[in-house]
Structure formats: C-alpha cells, structure tokens
Amino acid sequence: MKTYTLERYLIGNAQKKNVPISGSLELLPLCNMNCDMCYVRLSRAEMEQQGRLRTPEEWMEIGRQMQKSGVLFLQLTGGEPLLYPGFQRLYLALKEMGIILTINTNGTLLDESWADFFAKHKPRRINITLYGAEPSIYKRLCHYEEGFDKTIQAIKLLRERRVDVKINGSLVMANLGEEKKLLDIARELDVPINIDTYMYPAIRERGKAYDLSSRLTPREAAKAKVEISRYEQGEKDFLDGARRLLEKAENPEKKDENPGHMQCLAGRSSFAINWQGNLQPCVMLPHLSSSVFEHGFDLAWRNVSDMVKEIRLSSRCQECSKRDACQTCAACALYESGSFDGVPEYMCQYTEHILEYLKEELEHE
C-alpha cells in the first residue's frame, strides 16, 4: 500500500478540482550574480525598460486574493528575492495570512541579521543554490568569486538556527566534474541536495549547437545524472532503481486518459507569477499568461487554466515506449523544438543515454 503525505493528498485533490493550491512569486528580476545559464536575470536598465517593481502592499493584496482562492504553498523567488525592497514586511504579511512559504535564494546576501530573522519567523524551507565547490567555479560561472564562501556561510548560519535548508545545484559546462564535491559538501553540512543535469537552453543560447551552449550535451548530462544517482542512493538502491526504470521503459504503462494533454500540475493546481504580475502555468511558460493586477488573481487563474487545456503535445512523444522514463513536458517541447507539439530531440537523446548507461551498470553488476 502506498503511503501518502497530507501535502500530497491536498495537492492531488486540488488538481482534480482545478484549485490553485501552490505557486511561486517572482518578486524581481534583479540579482547580485550573473550566471551564464540564467533565464530570468535582467540588469536594472533592462528591467526599467519593461516596467517597475510592484510594492509590498500591491503583492499583499494579491496574497489576500490568492489565500481566498485556495493557495496554501507559495515560493518566493527572483532574481535574488532578498534584494526586494520590503521583503521582510511582505514575508510576514503572507505568513500572517496562513500561507506556507518557501524561499529560493543564492544565499550570498544571507548574513547573521537575515539568519536571525528567519530563525524567528521560520519558513517552510530555504532553498539555496550552490553552483560549485570552490571560488574559481563561482568566478567562471557566476562572475562572483566571493559567492562560494558567502553561500557556505549562509547555510551554516541557518543550520545553527535550525532553519530547514535544501541545496539545489545545476550542472553545466563550467562546473562539470564538481558534482561529487557538491554532494560531499551537502553531506558534511548535513543538508539535502538536488542536482539538475537537464537545463533548459538559456534565452541567448536557444538554437545554438551544444558546443556553443553553457549546458551539457545530452550524453554528458545523462552520464552525470546516472553518476549522481549512484552516489546519492548507494549501490543497492541505485541498482534496484535502475531495474525498475528499465522495466518501465521496456513495458510502458497504459496510455494517458487524456492523450496529448499536459500531465503536470502547471495550470491545474500550480502557477507562477512573474515580477510584472503575469500569472503563468509555470516559470517556463510566459507565453500563456494573464495579469493578476489587471484581472485579479481568480480570473487570471481561470484564464490560464483554460489556455493550458488547449495545449496539445506531440503524438510521437505520447506513443513513445520510453515516455515513463522521460521527463519531457510542454515547456521542454517548446524550448527544444519551437512548439508544444514538437519533439524535443535533446530530451530524447538524454533519455536514451540514461537508459544505455543504466543497462551498462546492470551488465557489470
């Protein structure tokens, strides 16, 4: 019998009823770092050409509307959210509404004062991105050499105050080979970690060949994914998981009840709102949006939900025997192929290589 947490039950129930239970709020597109693969960051001049930052009071009003519509979980992000003027005031107001908050940050601004604030007003969790295992990686990838030491210090400060922390990592050309060091750091700090090896192509890199991109080739990304899984899970659990995944790939489950429709939570029970107030199904789908400031949260949510229902994905993907092992989605299809119903060849190769590497591992068992 499967064990379901209360959160999973609530999200599953919200999905069935098309209730927006979880979302993310991008407070600003500004950041004190400039990572090569970032798809969000704008300079202040670029931001001001597109609009202004909304005030804490404006977001508080949207927060009240979200709370009435059923939103329970909200992630505050950016850019770097700790740069947002009035962050603490907005954070406390949202907590007072009963919304459970998570924060995504690069950690470099999180000093003793911030740590004391979060110790007194605990979030559900603070997700801190660790881009490399030494300052030289931060210099090469993020153009901010001091970032590494500041990030490690931030994690320690939060851990000392018993604030829940999770490390996120992204593997690209500039930090390939750092994955085991990152995992070791997480173990030493006693913090859970997740390292993504698939990266959406950055805006400035879409359409470029892999060797001109900051992200890994499909083969490199797949190999790193398998190696990370082995290191994280241990030999026995890794091999057991490999057998299950290969079994699913060779014996796919029955087809979806709604073939061609999006199967993720985006636009069904989750959403993202960007710094301008545009509600989207997820952060990667700004093409499908409705303004919460123009229409109000409830109507904006219904507008976007209706847009999601009209999306149709590739029939080739739907019929692929490896679909249960593949992590493609509408956003992946769009950015890799140029259309929702296109075939994301990068993801096809990524999945193929993962399965190949897993077969090799089992053969050498």
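Use the structure listed above.
Remember, it's a predicted structure, so these values are computed and weren't measured experimentally.

**Student:** Honestly, the nonpolar core in this entry has me stumped. Any pointers?
**Tutor:** Burial of nonpolar side chains together is a common tendency in soluble globular proteins. F87, F118 and I273 are the most contacted members of the largest nonpolar core, which has 106 residues in total. If one sorts the elements of this core by residue count, helix α15 (residues 345–363) sits on top with 8 residues.

**Student:** Mind showing me how you'd approach the side chain of T105 here?
**Tutor:** As for its placement among the helices and strands, T105 is situated in strand β3 (residues 100–105). A distance of 3.0 Å separates a polar atom in the side chain of T105 from the backbone nitrogen of G107. Filtering out sequence-adjacent residues up to four positions away, T105 remains in contact with E80, P81, L82, L110, I126, N127, I128 and T129.

**Student:** Looking at this structure, how should I read helix α10 (residues 235–250)?
**Tutor:** The α-helix winds at 3.6 residues per turn, so residues separated by three or four positions along the chain end up facing the same way. With 16 residues, α10 should reach 22 Å at 1.5 Å per residue; the first-to-last C-alpha distance of 22 Å fits that figure. F238, L239, A242, L246 and A249 are the residues of α10 that are buried. An end-on view of α10 places all buried positions within 95 degrees of arc, on one side of the element. Of the residues in α10, the exposed ones pointing more than 90 degrees away from the buried face are K236 and R244. Looking at the buried side of α10, the elements it contacts are α9 (218–233) and α15.

**Student:** For this particular structure, what's the right way to read the pattern of salt bridges?
**Tutor:** Side-chain pairs of opposite charge can arise where the charged atoms are in close proximity. In this structure the tally under the stated criterion is 20 salt bridges. Taking the shortest distance from any N to any O, the salt bridge between E160 and R161 comes out at 3.7 Å. The salt bridge involving D240 is made with R243; its shortest N-O contact spans 3.0 Å. Of this pair, D240 and R243 both sit in helix α10, 3 residues apart, roughly one helical turn. By relative accessible area, D240 is classed as partly exposed at 25%. One salt-bridge network, held together by shared partners, links E112, D116, E160 and R161.

**Student:** Explain the pairing of strand β7 (residues 270–273) here, please?
**Tutor:** Residues S270 and A272 line one face of β7 and the alternating positions F271 and I273 line the opposite face, and both faces are buried. Pairing of strand β1 (residues 22–26) with β7, which is carried by 4 bridges, proceeds in the parallel orientation. When the bridges of β7 are listed, S24 appears paired with A272. Strand direction decides the pairing type here: β7 and strand β8 (residues 278–280), joined by 2 bridges, are antiparallel. Residue pairing across strands places I273 opposite L279, the latter belonging to β8. Between the end of β7 and the start of β8, which pair antiparallel, lie 4 residues, with G277 showing a positive phi angle near 95 degrees.

Scoring rules and cut-offs
Residues numbered from 1 in each chain as written. Predicted model: local features only at pLDDT ≥ 70, side-chain atom pairs only at ≥ 80, totals over all residues. Heavy atoms only, no water. Core = buried A, V, L, I, M, F, W, Y, C linked by side-chain atoms within 4.5 Å. Buried < 20%, exposed > 50% of the residue type's maximum accessible area, 1.4 Å probe, protein only. Helix = DSSP H or I, 4+ residues; strand = E, 2+ residues; numbered from the N terminus. Polar contact = N/O pair within 3.5 Å; in protein donor to acceptor, adjacent residues only side chain to side chain. Contact = heavy atoms within 4.5 Å. Expected span 1.5 Å × (residues − 1). Arc of directions from axis to C-beta. Salt bridge = Lys/Arg side-chain N within 4 Å of Asp/Glu carboxyl O. Pairing = 2+ DSSP bridges.

Everything listed here is a matter of geometry and, on its own, says nothing about what the molecule does.
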